[in-house]
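Per-entry structural report
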Amino acid sequence: MTGFEPDTELVSRLPLPSHVVVQVNDRWYRGWLIGREHEETGWTGTVQYEDDEGVERTKRLPAERIALPEADRPTERAS
């Protein structure tokens, strides 16, 4: 998975839980946004994802490391 475009305000707009992709150690994983918090430095999301070994992980990540999966992105209609 490459080419995801994180949106720092996305975390504040999505309903909980929401299907997302998360960047961990320079790799993107499918996961779920299950919580959020607005901090002095911006939005942080609590996410769950499955790592390379199949272990479910729960982490707090900055909004810059959370994006929508390609299938869930809004599409622009040609005029």
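These figures come from a predicted structure and were not determined experimentally.

The next subject is the pairing of strand β3 (residues 42-50). Two strands pair when backbone bridges link them, and strand β2 (residues 27-39) and β3 are joined in this way by 8 bridges, in the antiparallel orientation. Among the inter-strand pairings, W32 is bridged to a residue of β3, identified as Q48. Between β2 and β3, which pair antiparallel and follow one another directly, the connecting turn spans 2 residues. Hairpin remark: β3 followed by strand β4 (residues 56-62), antiparallel, with 5 residues in the connecting loop; positive phi at G54, about 85 degrees.

Between two aromatic rings, the relevant description is the distance of the centres plus the angle of the planes. Within this structure, the stated rule accounts for 1 aromatic pair. On the numbers, 5.2 Å between centres and 40 degrees between planes, the contact of Y29 with Y49 is tilted. With Y29 in strand β2 and Y49 in strand β3, this pair connects stretches of sequence that are 20 residues apart.

Counting buried residues in strand β1 (residues 18-24) gives 5 out of 7 residues, a clear majority hidden from the surface. Pairing of β1 with β2, which is carried by 7 bridges, proceeds in the antiparallel orientation. If you follow V22 over to β2, its bridge partner there is Y29. Turn length for the β1-β2 hairpin, with the two strands adjacent in sequence and antiparallel, is 2 residues, and the turn residue N25 shows positive phi of about 50 degrees. Taken together, the 2 bridges between β1 and strand β5 (residues 66-67) define a ladder with antiparallel strand orientation. The partner of V21 across the bridge, within β5, is A67.

Parameters and conventions
- Every chain's residues receive numbers from 1 upward, in the order its sequence appears when written.
- At least 70 in pLDDT is required for a residue's local features to be given in this predicted model, at least 80 for side-chain atom pairs to be given and counted, and no such filter applies to totals for whole chains, interfaces and linings, which use all residues.
- Hydrogens and water molecules were not included; the side-chain quantities draw on all heavy atoms of the structure.
- Pairing between two strands requires that DSSP report at least two bridges joining them.
- Secondary structure elements are defined from DSSP: runs of H or I of at least 4 residues count as helices, runs of E of at least 2 residues count as strands, and each element is numbered from the N terminus.
- Stacked, edge-to-face and tilted labels apply to pairs of Phe, Tyr and Trp rings (six-membered ring for Trp) whose centres lie within 6.5 Å, assigned for plane angles under 30 degrees, over 60, and everything in between, in that order.
- Partly exposed describes any residue whose relative accessible area lies between the buried limit of under 20% and the exposed limit of over 50%, with all areas from a 1.4 Å probe on protein chains only and scaled to the type maximum.

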